[in-house]
Amino acid sequence: MLLKIKNLKSIIKFNQYLLICLTCLVTQVVSSQIIIEEDEVVEVETDTIDRSQSRKIDGVAAVVGEYIILDSDIDNTILQLKAQGASMEGVTRCQLFGKLLEDKLYAHQAVQDSVVVSDAEIRSAVDYQLQQFLDQSGKTMEELIAFYNKADEKSFRDEMFEINKSNKLASEMQRKIIEEVEVTPEEVRQFYSKIPVEERPTFGTELKVSQIVIEPEVSEENKQKAIDQLKQFKADIIENGASFRQKVVLYTDDTESIKTGGLYTLYRKKPRMVKEFRDVAFSLQEGEISEPFETEFGYHIIYLEKIRGQEFDVRHILIMPEVSQDAVLAAKSEIETIRQRIVDGDISFAEAALEFSDEKETKSEGGLLINPATQDYNFELTRMDPELYGQIQDLKDNEVSLIITDRGRTGNVKFKIMMVSDRIDEHVADFSRDYLKIKELALNEKRFKVIEEWQEEKIMETYIKINGEYRDCEFSSNWLKK
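Because the structure is predicted, anything quoted here is derived from the model rather than measured.

1. Remarks on the environment of Ser401
Inference 1: Here Ser401 lies in the loop between helix H14 (386-392) and strand E11 (404-407).
Inference 2: Judged by its relative accessible area of 4%, Ser401 falls in the buried class.
Inference 3: When neighbours within four sequence positions are excluded, Ser401 is seen to be in contact with Arg339, Leu395, Ile417 and Met418.

2. Structural notes on the packing of aromatic side chains
Inference 1: On inspection of all chains with the given rule, the structure shows 9 aromatic pairs.
Inference 2: Ring centres 5.5 Å apart and planes at 85° place the aromatic pair Phe431 and Tyr435 in the edge-to-face group.
Inference 3: Relative accessible area serves as the criterion here: at 24%, Phe431 is assigned to the partly exposed category.
Inference 4: On the basis of relative accessibility, which here comes to 23%, the residue Tyr435 falls in the partly exposed class.
Inference 5: Ring-pair connections join several aromatic residues into one group, and the members of that group are Phe97, Tyr470 and Phe475.
Inference 6: Against the face of Phe203 rests Lys437, its NZ or CZ located 5.7 Å from the ring centre.

3. Thoughts on the state of the cysteines
Inference 1: Per the stated rule, a full pass over the model turns up 1 disulfide.
Inference 2: Covalently, Cys94 is tied to Cys473 through a disulfide, its sulfur atoms 1.9 Å apart. Between Cys94 and Cys473 the sulfur-sulfur dihedral comes to about -70°; the bridge is accordingly left-handed. Taken together, the positions of Cys94 in helix H3 (residues 93-112) and Cys473 in the segment after strand E14 (464-466) put the pair 379 residues apart, joining distant regions of the chain.
Inference 3: A relative accessible area of 28% means that Cys94 is categorised as partly exposed.

4. Some points on the environment of Arg308
Inference 1: Looking at the element boundaries, Arg308 is found in strand E8 (residues 298-308).
Inference 2: Taking the C-alpha atoms as reference points, Arg308 and Val116, separated by 192 residues in sequence, lie 9.6 Å from one another.
Inference 3: Here Asp313 takes part through its side chain, which lies 2.4 Å from a polar atom of the side chain of Arg308.

5. Re unusual backbone geometry
Inference 1: Phi at Asp422 is positive, roughly 50°, even though this residue is not glycine.
Inference 2: Tracing the sequence through the fold places Asp422 in strand E12 (residues 413-424).
Inference 3: Note on Asp422: relative accessible area 45%, which makes it partly exposed.
Inference 4: Phi is positive for Lys481, which is not a glycine, with a value near 50°.
Inference 5: Tracing the backbone shows Lys481 in the segment after E14.
Inference 6: Using a relative accessible area of 30% as the deciding quantity, one classes Lys481 as partly exposed.

Criteria and cut-off values
Residues numbered from 1 in each chain as written. Predicted model: local features only at pLDDT ≥ 70, side-chain atom pairs only at ≥ 80, totals over all residues. Heavy atoms only, no water. Helix = DSSP H or I, 4+ residues; strand = E, 2+ residues; numbered from the N terminus. Buried < 20%, exposed > 50% of the residue type's maximum accessible area, 1.4 Å probe, protein only. Contact = heavy atoms within 4.5 Å. Phe/Tyr/Trp six-rings, centres within 6.5 Å; stacked < 30°, edge-to-face > 60°. Lys NZ or Arg CZ within 6 Å of the ring centre and 35° of its normal. Disulfide = S-S within 2.5 Å. Polar contact = N/O pair within 3.5 Å; in protein donor to acceptor, adjacent residues only side chain to side chain.

Printed below as a string of structure tokens:
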């Protein structure tokens, strides 16, 4: 059972990693997405495999539904993984081929199940990838088109769009398969009871982490500057026909969204983004631009680009008001005073967090951080985020750290103090103490079984043809339908 748990974890991580890498693979190769008969061969670009040949004959390794897998797809997957720094030790060509088969099966079934992905989001991703091509290669668009032997920019973009869409469909289908899988407390108990005592997992040293955060205050003058700037953007777009996307690229402080032109897809039934953002987005009409509004990240304007049922494609521009040096110094002085009061015993850490901390998520909990992996307050040292570990590794229980200078989510400087408590040494899994971790293991096992059953069923229902040497692979799934 323990071996199965370990295998399950490695399989899930491996699949997630490969999915990311296969999405990135579009930056290296463009291939067709049509059904081809077993003995037919096609010519495709293979510069990433052999630069000494501009073209070569590329055979069809497999057909899954309406999708094909070419020999070069496997070669390029290996190259891309190596370029990402992944170790290929113990990973066979057949295993990678099996993963490609899975992805195409997911994408095929997503089409059958009418899974919808945002074309606008896919196009924005293609725009970003092409820009990455140009930046990294130093080539012009014309040189890039010639390098990949494409007819023109439109055909290049169209093929990149299809591959990106296929990968997105696959990931959405995977999510759909397991999104409603849950485990009951009784299932968790049964899962735990079936693990032999001598095989129960060992959890490393755990502890709780608390912090108090003080952020410099933004002056009203600087807040108004941000608002006025956003109003100017809106006026320029409406009155002069300026591009919202271009404004995003040039001015937004949400750097992560630049690659998609500020695009986010919101779902009414699946909260994403902070409440203030959602409330404004869902109040707009298609094609409308909001007035500037404030969230904890700064000030925004939103453009509602498209409504598709319960899905809203929105673009936004974020402006974060500047923080003055005086405000920074005042914040540092405040946290120095707070720390000294805690050290002197005038106030407890939890009381100080509740009264003074600027971090909304933790102040009501006395500064306690929630572990995002387990959703409880305990952190396992060996699995802690490296940055967090570096901040608390030398602290003794209930010792207050020195003042740490950090960066908030908005990128502005902030100051914090930290403390660790309730340290628990390495121990064998205990049902009561480690319930949430055991629940996660039980849930992963159940998800894995659901995926296995789904694959078994869909493989039998779907047209699948494995060609040539790949018929000799030993697959974990019944791809050969024996």
